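Observations on chain architecture
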Amino acid sequence: MSEALPWNDPTFLRDVERRSGASVSACFQCHKCSTGCPVAPEMDVMSSQIMRLIHLGARDEALASQSIWLCASCEACTTRCPQGIDIAAVMDTLRMMAVEAGVTLGDARGNKFNTSFLSSVRRHGRVFEMGLMTAYKLRSGDLLGDVGKVPGMLKRGKLALWPKSSGNAKEVREVFKRADQEEKNR
Amino acid sequence: MKYAFFPGCSLESTAWDFDASVRATFAALGAELTDIPDWSCCGSTPAHASNTSLAVALPVMNLLKARDMGRPVLTACASCYARLRTANHKVKTDPAERQRTERIVGKPYDGAVPVHHILEALTRHIGADAIAARVTRPLSGLKVACYYGCLLTRPPEVVAFENPEHPVSMDTIMTAAGADVVDWPYKTECCGAGLSMTTSAVVNRLGHNILAMARRAGADCLAVACPLCQVNLDLRQRDAAKAHGPLPETPVLFVTQLLGLALGLSPEALGIEGLFVSADGLLDRLAPAKAAGGAA
């Protein structure tokens, strides 16, 4: 009877609550978040189930779920939660924890996209979409996806071939450096 | 009104047509937009999903520049709007986050620079009456479904200019422009937003739901106020129909393009040629422009 459940990591709930600022323990499993979630049909573990996994200290299961990368950050869950839990912020926290823990992600395209996007901002101060697309494609191996859309986009002037850097790019790089440091001390 | 305009990255590339139509309509309505000098990216979803400190600091860099200009910030992109407002909210409500942000940007900041979305400026600062008084080519007979998406109204304690489940600002603007707005239930459904490039199958499903519902409600076209909503519903419309069943081609215009047409501006000035699903059929149905005040 005294044996702990294999997934009962008591620090997980505390970690998630501290980092997200959201009171996950207040969740009483009404499932309103999952009901209104636009990507729930594609999720392996729905948002209300993620909340339960956190209660149970199921760190590995929560961090390895596809769902945290499918979340579109539309904030419907946060807006509608009767307990006022910022569920979208919990999803952000889980993504960061998954990356830090080096969880082998079945489908890490979300993370590869984020990395490509932020590298572009770090370099130019703004997003250079052509560069972002190329970097993301190389990282993800999804070389052919959407390639057919490029000519139409070029024709309509919707893809710039050269980056338009911010005059503030140097200061942006400094901010990235200091933010990385602050994030480590958080 | 004078604003410090924050265009954001999308408006200088994929949504150049949004940029052109915002500038043209606001000029026609007598508002003065000055770009925040050397503005930089707000960080969007990749920043808040990766680094909380960065997600606050990047918007604050721009808010500090706007503070120096002594003007409220105006932005057209729903994501930029949400990130700028969220940064202000965090700095105002979380002292530790404020200190962290001030260490990163190297300046004190109290979160007080006002940030407005164009829908808020059009309805609250300029007003429906002033818009209607300047309409020269009413959009009579055009049935428009106003689609708000997620980040313009959510979460309400951060963005807060409308009811999060039943926003009406775009409907007010389109009605002032003489269009018939349709009543429909998917105003604030999500289009899949940033999943566009990584998980386009989801975006196709969500886009199909939204477009099919707009058609069922009798709409000829959609009005949107977010660059990502526009791309997901316009550029991916053919893919959505291929994956989930045929749809009549439905133009997805920026609200400022439709408003600009009503104000008598030319399709060229509004970047109408940037659309993937052509709006030529709609334009043909509009009457030629009359003298100012025609629809008041």
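Conventions we followed
- Residues numbered from 1 in each chain as written.
- Chains lettered and ligands numbered in written order.
- Predicted model: local features only at pLDDT ≥ 70, side-chain atom pairs only at ≥ 80, totals over all residues.
- Heavy atoms only, no water.
- Helix = DSSP H or I, 4+ residues; strand = E, 2+ residues; numbered from the N terminus.
- Buried < 20%, exposed > 50% of the residue type's maximum accessible area, 1.4 Å probe, protein only.
- Contact = heavy atoms within 4.5 Å.
- Core = buried A, V, L, I, M, F, W, Y, C linked by side-chain atoms within 4.5 Å.
- Salt bridge = Lys/Arg side-chain N within 4 Å of Asp/Glu carboxyl O.
- Pairing = 2+ DSSP bridges.
- Domains from an automatic or database assignment.
- Buried area = accessible area lost by both parts, 1.4 Å probe.
- Nonpolar A, V, L, I, M, F, W, Y, C, P; charged D, E, K, R; others polar.

Turning to the overall build of chain A, a few remarks are in order. Counting secondary structure elements, chain A contains 11 helices and 0 strands. When the helices and strands of chain A are read in sequence order from the N terminus, they spell out α-α-α-α-α-α-α-α-α-α-α. Taken along the three principal axes of its C-alpha coordinates, chain A extends 65 × 35 × 30 Å. Counting all 186 residues of chain A, 49% fall into the buried class. Of the contacts formed within chain A by residues at least 6 apart in sequence, a portion of 66% connects residues at least 24 apart.

With that out of the way, let us pick up the nonpolar core. F26, L139, M174 and L222 of chain B are the most contacted members of the largest nonpolar core, which has 155 residues in total. At 10 residues, the largest contribution of residues to this core is made by helix α3 (residues 52-69) of chain B. By size, the runner-up hydrophobic cluster in this structure holds 6 residues, among which are M133, V150 and L159 of chain A together with V231 of chain B.

As a working rule, side chains carrying opposite charge can pair if their charged atoms are close by. For the structure shown, the criterion picks out 24 salt bridges over all chains. Its salt-bridge partner being R80 of chain A, residue E165 of chain B comes within 2.8 Å of it at the nearest N-O pair. Of the two residues, E165 of chain B sits in the loop between β5 (143-147) and α8 (169-176) while R80 of chain A sits in helix α6 (residues 76-80), which places them in two different chains. Taking relative accessible area as the criterion, E165 of chain B reaches 39% and is therefore assigned partly exposed. D146 of chain A is paired through a salt bridge with R236 of chain B; the nearest N and O atoms lie 2.7 Å apart. In this pair, D146 of chain A sits in the loop between α9 (129-140) and α10 (150-155) while R236 of chain B sits in the loop between α10 (227-234) and α11 (237-244), so the two residues belong to two different chains. In this structure R236 of chain B comes out as buried when scored by relative accessible area, which is 5%. Three or more residues are tied together by salt bridges with common partners; here these are D146 and K149 of chain A together with R236 and D239 of chain B.

Let us look at the sheet that holds strand β7 (residues 221-224) of chain B. All names here are of chain B. With parallel pairing, the 4 strands of this open sheet are ordered in space as β6-β5-β7-β8. Whereas interior strands pair on both sides, the edge strands pair on one side only; in this sheet they are β6 (180-181) and β8 (252-254). As paired strands, β7 and β8 are joined by 3 bridges and run parallel to one another. By the bridge assignment for β8, V224 is matched with F254.

Below, the discussion takes up the environment of A287 of chain B. Along the polypeptide, A287 of chain B turns up in the segment after α13 (280-285). Owing to a relative accessible area of 44%, A287 of chain B belongs among the partly exposed residues under this scheme.

This next bit is on the domain arrangement of chain B. In many analyses, interface size is given as the accessible surface area lost on bringing the parts together. Residues and elements named next belong to chain B. For chain B, the assigned domains read domain 1 (2-118) and domain 2 (128-285). At the junction of the two partners, domain 1 supplies 26 residues and domain 2 supplies 26 residues. In this assembly, domain 1 packs against domain 2 so that about 2,100 Å² is buried in total across both faces, 74% of it on carbon and sulfur atoms. Remark: the boundary between domain 1 and domain 2 carries 0 salt bridges. Top element by residues in the side of domain 1 that touches domain 2 is helix α1 (residues 16-28). It accounts for 9 residues. Looking at the side of domain 1 that touches domain 2 residue by residue, the class counts come to 15 nonpolar, 9 polar and 2 charged.

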